[in-house]
There are 2 protein chains.
Amino acid sequence: MASHSDDTETAARRPRGRPRKSDQLVDTREQIVRAAGTEFAANGYDASSVRAIARRAGVDASLVHHYFESKADLFAATVRVPVRPDRVVAEVLAGPRDQIGVNLVRALVVALDDPVASRRVIRLLHTALGQEFAATLLRQFVSHEVLGRIAKSLEGDEPELRASLAASQMVGLIVARYGVRLEPLASASPDEVARRVGPVVQWHLMGEPPDGHGT
Amino acid sequence: MASHSDDTETAARRPRGRPRKSDQLVDTREQIVRAAGTEFAANGYDASSVRAIARRAGVDASLVHHYFESKADLFAATVRVPVRPDRVVAEVLAGPRDQIGVNLVRALVVALDDPVASRRVIRLLHTALGQEFAATLLRQFVSHEVLGRIAKSLEGDEPELRASLAASQMVGLIVARYGVRLEPLASASPDEVARRVGPVVQWHLMGEPPDGHGT
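Being a predicted model, the structure only gives us computed values, none of them experimental.

Scoring rules and cut-offs
- Residues numbered from 1 in each chain as written.
- Chains lettered and ligands numbered in written order.
- Predicted model: local features only at pLDDT ≥ 70, side-chain atom pairs only at ≥ 80, totals over all residues.
- Heavy atoms only, no water.
- Axes fitted to C-alpha atoms, helices over the stretch in contact; angles between N-to-C directions.
- Helix = DSSP H or I, 4+ residues; strand = E, 2+ residues; numbered from the N terminus.
- Parallel < 35°, antiparallel > 145°, perpendicular 65-115°, else oblique.
- Left-handed = near helix turned anticlockwise from the far one by under 90°.
- Contact = heavy atoms within 4.5 Å.
- Nonpolar A, V, L, I, M, F, W, Y, C, P; charged D, E, K, R; others polar.
- Phe/Tyr/Trp six-rings, centres within 6.5 Å; stacked < 30°, edge-to-face > 60°.
- Buried < 20%, exposed > 50% of the residue type's maximum accessible area, 1.4 Å probe, protein only.
- Salt bridge = Lys/Arg side-chain N within 4 Å of Asp/Glu carboxyl O.
- Core = buried A, V, L, I, M, F, W, Y, C linked by side-chain atoms within 4.5 Å.
- Polar contact = N/O pair within 3.5 Å; in protein donor to acceptor, adjacent residues only side chain to side chain.
- Buried area = accessible area lost by both parts, 1.4 Å probe.

Here the focus is the packing of helix α9 (residues 132-153) of chain A against helix α10 (residues 159-179) of chain A. All names here are of chain A. Direction vectors running N to C along α9 and α10 enclose 130°, while the axes themselves pass 8 Å from each other. The angle between α9 and α10 falls in the class oblique. Two packed elements cross with a definite hand, and for α9 against α10 that hand is right-handed. Side by side, α9 and α10 meet where L147, I150 and A151 of the first sit next to P159, E160, A163, S164 and A167 of the second. For the contact of α9 with α10, the residue count by class is six nonpolar, one polar and one charged.

Below, the structure written as structure tokens:
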């Protein structure tokens, strides 16, 4: 799967160097975001630290923490995606167990029915499918911040596999509805999509159909 | 979703002009494939005809039919993808009704566990997520040659919606296993994937869990 390393389109566009805006506060935040982007691209998500990003930005680590609560915040800022799957998952997992699938799907669709949000997420997936380092970065972020969190909350065998299967349905929903725009899925209401896809995600997560009957 | 029109990477690489190989038979076939690529890019899948492709290639339509049985064959040749979803679907639909999901998933995974095949399919999805015309082309091909065929075979309400939902799970499986390579899904055996994802695809297609219990 190393065939896409020749596609450097997005890497070439990532802004580099010092920011031009005059406001020093914006400058510092932007400088940190750019340093994070460079650090993530160089070392991946898992091996990058807030400390290393601060060093690369030429600021103190405490200043990074002033702007960004966590490494996940820094990643979200570098890819400029307004949807935070890690936060959505944390919220949904705190709700009713039998509604996790429906609530995850509804949150995803409501967020991505905003065209700016869906364009950015599709752009992120486009880059990940074209560049090895971007795929690794996305995989590490999703595994660490999203799937790990979900798997920890699941009972039964192979929670990690079930979490990754649920993710496959979610990412497929994103690609089919917002990327390739397959109809009638692309035009279905958020409620209809949640009603139909939610139980499937729930099944993946729980390892059996939501009504409790096995296959 | 017209934001990616600036990404012309793949379009720029598509070979154009007359082929260089000396073998005239290979030349003619290649010439037709290139004409098909140009025609599809200009007019989309639905509005392109074998006749127009023949005209563009400067050959008789009967010669096109000599090399290619159908428009779907021409499309598959232009994107150089060795997996033929239209044929797989036709075969699976001819088999046992309660095994459609499992058989579709197994056929997909067995075909794409070949690295050449998965690279080409991921490249196709990468292009579709980056270019408006490529998304349209893929959507029209999938809708016409794959989903239409499936929907026609389904009973009950909204067969088209159910077919597009099943497609979302299939495409998500492709992106998660072969593109982003989420673990442990990326390393799971084809049997394991078919066993876990097949019933979910079946559910999408039938509108209820495979064992007949509704939600």
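Per the counting criterion, the structure on display carries 13 aromatic pairs over all chains. Ring centres of A:F40 and A:F75 lie 5.8 Å apart, and the angle between their planes is 75°; on these two criteria the pair is classed as edge-to-face. Here the residue A:F40 occupies a position in helix α2 (residues 24-43), and A:F75 occupies one in helix α5 (residues 71-79), the gap between them amounting to 35 residues. The burial state of A:F40 is the same as that of A:F75; both residues are buried. On the numbers, 5.4 Å between centres and 85° between planes, the contact of B:Y45 with B:F141 is edge-to-face. In this pair, B:Y45 is assigned in the loop between α2 (24-43) and α3 (50-57) and B:F141 in helix α9 (residues 132-153), connecting sequence segments 96 residues apart. Of the two residues, B:Y45 and B:F141, neither departs from the other in class, the shared state being buried. A network of ring pairs unites the aromatic residues A:F40, A:Y45, A:F75 and A:F141 as a single cluster.

Okay, the pattern of salt bridges next. In a structure, side chains of opposite charge can pair up when their charged atoms sit close to one another. Under the counting rule described, the total for this entry stands at 26 salt bridges over all chains. Across the pair A:R149 and A:E145 runs a salt bridge whose closest N-O atoms are separated by 3.3 Å. Of this pair, A:R149 and A:E145 both sit in helix α9, separated by four residues, roughly a single helical turn. Assessed through its relative accessible area of 34%, A:R149 is described here as partly exposed. Across the pair A:E158 and B:R196 runs a salt bridge whose closest N-O atoms are separated by 3.5 Å. Remark: B:R196 occurs in helix α11 (residues 190-206) and A:E158 occurs in the loop between α9 and α10; the pair is interchain, linking two chains. Shared partners join several salt bridges into a network, and the residues in it are A:D73, A:R84, A:D86 and A:R87.

The biggest cluster of nonpolar side chains holds 130 residues, and the ones touching the most others in it are A:L74, A:V105, B:L74 and B:V105. Sequence-distant contacts of B:L74, that is, excluding residues within four places in its chain, are made with B:I32, B:A36, B:F40, B:V50, B:I53, B:V64 and B:F68.

The next thing to look at is helix α5 (residues 71-79) of chain B. Residue and element names in this part refer to chain B. Extensive coverage of α5 is indicated by the burial of eight of its nine residues. Those residues of α5 that fall on the buried side of the exposure criterion are K71, A72, D73, L74, F75, A76, A77 and T78. Directly beyond the C-terminal end of α5, a positive phi value near 55° is found at R80.

Quick look at the side chain of A:E145 now. Residue and element names in this part refer to chain A. The class for E145 is buried, based on a relative accessible area of 11%. Here Y45 takes part through its side chain, which lies 2.5 Å from a polar atom of the side chain of E145. Not counting residues up to four positions away in its chain, the partners in contact with E145 are Y45, A72 and D86.

Taken residue by residue, the interface counts 58 residues in chain A and 58 residues in chain B. Taken over both partners, the interface formed by chain A and chain B buries close to 5100 Å², and the fraction arising from carbon and sulfur atoms is 67%. Linking chain A with chain B are four salt bridges, by the criterion used here. Taken together, the links from chain A to chain B amount to 13 residue pairs in polar contact (both at pLDDT 80 or more). Elements with a minimum of two residues in the side of chain A that touches chain B: α1 (9-13), α8 (115-130), α9, α10 and α11 (190-206) of chain A. Here the side of chain A that touches chain B takes 15 residues from α10(A), the largest share from any one element. Residues of the side of chain A that touches chain B, tallied by class, amount to 27 nonpolar, 15 polar and 16 charged.

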